[in-house]
Amino acid sequence: MNKIRFVGNRDTNYVFHMLSVSRCGYDNSYGDYYAHIYPQEDLAVLKKYEKLITVCGGEHCGALYGILVCEAASAKLSAKDYYTELLRQATDNSISNDLLEHSQAICRIAEVMIRHYDYFIENVWNIEKEKIATYIPAVQQLFDDSGFTEKAEKAVGIKLHHDYFIATLVTSIENGAEAIDITDEQDVFGIERTPIDAFYFIAHEFIIYLLFDALKEENAFKELNTWSITEGLAEYYLKQILGDIRFFDAQKNWVAFFEETNQLNQLDAVELYRQALNALR
């Protein structure tokens, strides 16, 4: 049974829409198309705090990325309601101590995000959700037909902890960070790739989610300097399953390392990770 499901959520799309129009981590034609709608002074607020609210895989994670992007994008409640409550907490200084130094930034960003939510829902979302609806079927079919998720679980030796891995699609993140885990079962992806390229890219991330569990007792995913190893290990398993790989060129050396190390296919994910960690030191 295919354990990957695709959704297009309006609140997730809103959060990344605003990052795109303000060119925070994303610089693309989508942002160019919609940026004129918003007061430049509001976009300037987001841009001022760009470093705090953006992420770059293996290199940087902004101090406010979790609370201002991931939590809002997870859509546990509407983004407007989320930012309204966050603004109240920041104004009252009832946020966690490690965020108090950023309370002014949180307030200013939340105010911008609250101000433009209704316009997005009323005038933008209906256009963008159709693009997502059109994109999903071909990619979904590739996963339905391939038996990939079952093969991936067998290769890594781990069952997905949740019923499904949720690929949440947004239309605004070309040329920037994606495959962003916003909950422990949900990742954000763009829709610019061809269906087969999307299949490979999302398949890689499904394996990463299996590795979260397989390597939970290791220092993997806790330090930026181990990022290349875990990405390379995911590509190694992907090549085992599909016969080739398409992305993450910088990790091809790790794929070769794992293939050489595990010629007899006797080492599990933990042992392979530890071997690579020793080689890195």
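Definitions and cut-offs
- The numbering scheme is per chain: residues are counted from 1 as the chain's sequence reads.
- Whole-chain, interface and lining totals are the exception, using all residues; otherwise, since this is a predicted model, local features are given only for residues with pLDDT of at least 70 and side-chain atom pairs are given and counted only at 80 or more.
- The side-chain values count all of the structure's non-hydrogen atoms but skip hydrogen atoms and water molecules.
- Helix numbers and strand numbers start at the N terminus; a helix is a DSSP run of H or I with at least 4 residues, a strand a run of E with at least 2.
- By definition, residues are in contact when any of their heavy atoms lie within 4.5 Å.
- Using a 1.4 Å probe, the Shrake-Rupley method yields the accessible areas, and only the shown protein chains count as cover for residues.
- Charged-residue counts in this description rest on Lys and Arg as positive and Asp and Glu as negative, His and the chain ends being excluded.
- Charge positions are represented by NZ for Lys, CZ for Arg, CG for Asp and CD for Glu.
- N or O atoms within 3.5 Å of each other form a polar contact, as long as, within protein, one can give a hydrogen and the other can take it, and as long as residues adjacent in sequence are counted only when both atoms are side-chain atoms.
- Within 6.5 Å between ring centres, the rings of Phe, Tyr and Trp (the latter by its six-membered ring) count as paired, and their orientation is classed by plane angle as stacked under 30 degrees, edge-to-face over 60, tilted in between.
- Only protein chains enter the accessibility calculation, which uses a 1.4 Å probe; a residue is then buried when its area is under 20% of its type maximum, exposed when over 50%, and partly exposed in between.
- Two conditions define a charge sitting above a ring: the NZ of Lys or the CZ of Arg must be within 6 Å of the ring centre, and it must be within 35 degrees of the ring normal.
- Note on method: axes are straight lines fitted to C-alpha atoms, helices fitted across the in-contact stretch only, with angles between N-to-C directions ranging 0 to 180 degrees.
- For classification purposes, an angle smaller than 35 degrees is called roughly parallel, one larger than 145 roughly antiparallel, one from 65 to 115 roughly perpendicular, and anything else oblique.
- Less than a right angle of anticlockwise turn of the near helix away from the far helix marks a crossing as left-handed, whereas a clockwise turn marks it as right-handed.
- All residues other than Ala, Val, Leu, Ile, Met, Phe, Trp, Tyr, Cys, Pro, Asp, Glu, Lys and Arg, Gly among them, are scored as polar; the first ten of these are nonpolar and the last four charged.
- What the arc describes is the spread of directions from the helix axis to the C-beta atoms.
- Any carboxyl oxygen of Asp or Glu within 4 Å of a side-chain nitrogen of Lys or Arg constitutes a salt bridge here.

K.L.:
Is there a simple way to explain the overall build of the protein in this structure?
P.N.:
The helix and strand inventory of the protein stands at 12 helices and 6 strands. Referenced to the eigenvectors of the C-alpha coordinate spread, the extents of the protein come out at roughly 60 × 40 × 30 Å. Sequence separation of at least 24 residues holds for 67% of the intrachain contacts in the protein that already meet a minimum separation of 6. Accessible surface computed for the protein: about 13200 Å², of which carbon and sulfur atoms make up 49%. Here the protein holds 25 positive side-chain charges and 44 negative ones, and the gap between their average locations is 0 Å.

K.L.:
Whenever I open this one, the environment of Tyr-209 confuses me. Can you help?
P.N.:
With respect to the helices and strands, Tyr-209 occurs in helix H9 (residues 195–214). Separated by 22 residues in sequence, Tyr-209 and Asp-187 place their C-alpha atoms 9.5 Å apart. Sequence-distant contacts of Tyr-209, defined by excluding residues within four places in its chain, comprise Phe-165, Asp-181, Thr-183, Asp-184, Glu-185, Gln-186 and Asp-187. Reaching out from Tyr-209, the side chain makes a polar contact with the backbone oxygen of Thr-183 at a distance of 3.1 Å.

K.L.:
What is the right way to read the packing of aromatic side chains from this model?
P.N.:
Aromatic ring pairs are reported here in terms of the distance separating the ring centres and the angle at which the planes meet. Evaluation of the coordinates by the stated rule reveals 24 aromatic pairs. Summarising the aromatic geometry, the rings of Tyr-82 and Tyr-83 are spaced 5.6 Å apart at their centres and angled 75 degrees between planes, so their arrangement reads as edge-to-face. By the burial criterion, Tyr-82 is buried, and Tyr-83 matches it. Each residue in the set Phe-6, Phe-143, Phe-148, Phe-165, Phe-189, Phe-199, Tyr-200, Phe-201, Phe-206, Tyr-209, Phe-212 and Phe-221 is aromatic and connected to the rest through ring pairs, giving one cluster. Sitting above the plane of the Phe-201 ring, Arg-193 keeps its charged end 3.7 Å from the centroid. Between Arg-246 and the ring centre of Tyr-200, over which it is positioned, the NZ or CZ distance is 4.7 Å.

K.L.:
I tried to follow the packing of helix H5 (residues 79–91) against helix H6 (residues 103–115) on my own but got confused; where do I start?
P.N.:
Packed helix pairs are specified by the crossing angle of their axes together with the interaxial distance, meaning the distance between the axes. Where H5 contacts H6, the axes come no closer than 9 Å and their chain directions differ by 150 degrees. Taken as axis vectors, H5 and H6 run roughly antiparallel relative to one another. In this structure, H5 meets H6 at a crossing whose hand is left-handed. Along its contact with H5, which presents Lys-80, Tyr-83, Thr-84, Leu-86, Leu-87, Ala-90 and Thr-91, the element H6 presents Ser-103, Ile-106, Cys-107, Ala-110, Glu-111, Met-113 and Ile-114. Taken together, the residues that form the contact of H5 with H6 break down as 9 nonpolar, 3 polar and 2 charged.

K.L.:
Help me out: how do you make sense of helix H11 (residues 252–261) in this one?
P.N.:
Note on helix geometry: an α-helix contains 3.6 residues per turn, so any two residues three or four positions apart are oriented the same way. Inspection of H11 places Trp-254, Val-255 and Phe-258 among the buried residues, and these make up the whole buried set. For H11, the angular spread of the buried residues around the axis is 105 degrees, confining them to a single face.

K.L.:
What is the right way to look at the pattern of salt bridges in this model?
P.N.:
Opposite charge on two side chains permits pairing when their charged atoms draw close. One pass over the structure, following the stated rule, counts 17 salt bridges. Among the salt bridges present, the one from Arg-246 reaches Asp-197, with a minimum N-O distance of 2.7 Å. In this pair, Arg-246 sits in the loop between helix H10 (227–242) and H11 while Asp-197 sits in helix H9, placing the two residues 49 residues apart along the sequence. Taken together, the shared-partner salt bridges in this structure form one network comprising Lys-3, Glu-153 and Lys-159.

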